[in-house]
Amino acid sequence: ALALCGLALSCYLTWASWQSGSVVGCSGESYFSCEEVLGSKWSKWWGVPVSLLGAMTYGLLFTSAWLVPGEGDSRSPWVTQAAWLCLSAFSFLAAGVAVWFIVLQAWVLGEFCLYCCLVHACSLAICALALWQLPRRDRDEEHALMGASLGLQSVATEQPSTSASAEVYPRQLLMSLLVAS
């Protein structure tokens, strides 16, 4: 739902940027100055509104979230892990961009756009929710595996379950963060 909300807001901002018209709810008399923000040099990247890039990111976030299985869903562990890694990478990207543009609006432009702030709030909330819901191995199990790989302790010979192979490992999460940045 947050990805769809961010997508809709980003599409509206893209349309408003291309139309160079006024933005609903933002006037010179309110606290928000959307026209100033959307008319700044920071609102476009090589002539393309950054909100269009945001809309594409939200589309990818929605698709990734759609591929993450729910309770009782029997997707393959590979698809599940790939969906979680894509979701984490795109949510890191969106959150990083949100922080960048919030700082830019606050300290460089000195103006805020209501719709931009709502889009950035969606990004930060998606990132927080994705990290909170991310399937992770139990820390004790991770330490046991590390100890076994170093020859410090033995590991039980139980076969790993198929759900364990769908978990995201910290090194994979770090890699998705590096790809997003």
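Quick caveat: nothing in here was measured; it's all calculated off a predicted structure. (Residues numbered from 1 in each chain as written. Predicted model: local features only at pLDDT ≥ 70, side-chain atom pairs only at ≥ 80, totals over all residues. Heavy atoms only, no water.)

Before going further, it helps to spend a moment on the layout of surface pockets. In this structure, the largest pocket encloses a volume near 580 Å³. In terms of lining residues, the largest pocket is bounded by 28 residues, among which V50, S51, G54, V97 and F101 are the most central. Of the residues forming the lining of the largest pocket, the biggest block, eight residues, is contributed by helix α4 (residues 77-109). Grouping the amino acids of the lining of the largest pocket by side-chain chemistry returns 18 nonpolar, 10 polar and no charged. (1 Å grid on protein atoms, 1.4 Å probe; cavity = no way out; pocket = protein on both sides within 12 Å on 5 of 7 lines; lining within 4 Å. Points joined across faces, edges and corners; volume = space filled by probe spheres on them. Helix = DSSP H or I, 4+ residues; strand = E, 2+ residues; numbered from the N terminus. Nonpolar A, V, L, I, M, F, W, Y, C, P; charged D, E, K, R; others polar.)

Each aromatic ring pair is specified by the distance between its two centres and by the angle formed by the two planes. Here the structure, examined in full by the defined rule, presents four aromatic pairs. An aromatic cluster is built from Y12, W15 and Y115, whose rings are joined through pairwise contacts. (Phe/Tyr/Trp six-rings, centres within 6.5 Å; stacked < 30°, edge-to-face > 60°.)

Relative orientation of the contacting elements helix α1 (residues 2-19) and helix α3 (residues 50-67) amounts to 160 degrees, with a least axis distance of 8 Å. Here α3 runs roughly antiparallel to α1, going by the angle between their axes. Along this stretch, α1 crosses α3, giving a crossing that reads as left-handed. Between α1 and α3, the residues in contact are L2, A3, L4, G6, L7, S10, C11, L13, T14 and W18 and S51, L52, G54, A55, Y58, G59, L61 and F62, respectively. A per-class count over the contact of α1 with α3 returns 12 nonpolar, six polar and no charged. (Axes fitted to C-alpha atoms, helices over the stretch in contact; angles between N-to-C directions. Parallel < 35°, antiparallel > 145°, perpendicular 65-115°, else oblique. Left-handed = near helix turned anticlockwise from the far one by under 90°. Contact = heavy atoms within 4.5 Å.)

For the rest of this paragraph, the subject is the confidence of the model for the chain. In this model, the chain carries an average pLDDT of 75, and 63% of its residues clear a pLDDT of 70 or more. For the chain, the element scoring lowest by mean pLDDT is helix α6 (residues 139-149), at 58; α3 scores highest, at 88. (pLDDT = per-residue confidence, 0-100.)

Together, W42, V99, W100, I102, V103, W107, V108 and L124 line one region of the surface with nonpolar side chains, adding up to about 780 Å² of accessible area. Ranked by residue count, the leading element in the nonpolar patch is α4, at six residues. Here W107 falls in the exposed class, since its relative accessible area comes to 69%. (Patch = residues over 30% accessible without salt bridge, like charges linked within 9 Å, V, L, I, M, F, W, Y side chains within 5 Å. Areas by Shrake-Rupley, 256 points an atom, 1.4 Å probe, with all protein chains shown as cover. Salt bridge = Lys/Arg side-chain N within 4 Å of Asp/Glu carboxyl O. Buried < 20%, exposed > 50% of the residue type's maximum accessible area, 1.4 Å probe, protein only.)

To continue, consider α4. When the terminal C-alpha atoms of α4 are compared, their 46 Å separation across 33 residues agrees well with the 48 Å that a helix rising 1.5 Å per residue should span. Note on α4: the residue one or two positions beyond its end, G110, has a positive phi of about 70 degrees. (Expected span 1.5 Å × (residues − 1).)

Take the side chain of T57 next. Along the chain, the position of T57 falls in helix α3. What makes T57 buried here is its relative accessible area of 14%. Excluding residues that lie within four positions of it along the chain, T57 makes contacts with F90, L93 and A94.

What follows concerns the packing of α4 against helix α5 (residues 114-133). The interhelical angle for the contact between α4 and α5, taken along N-to-C directions, is 145 degrees, at an axis separation of 8 Å. Between α4 and α5 lies a crossing whose hand is left-handed. Only C116, C117, H120, S123, L124, I126, C127, A130, L131 and Q133 of α5 make contact with α4, whose side of the interface consists of W84, L87, S91, F92, A94, A95, A98, V99, F101, I102 and Q105. Among the residues making up the contact of α4 with α5, the classes are represented as 16 nonpolar, five polar and no charged.

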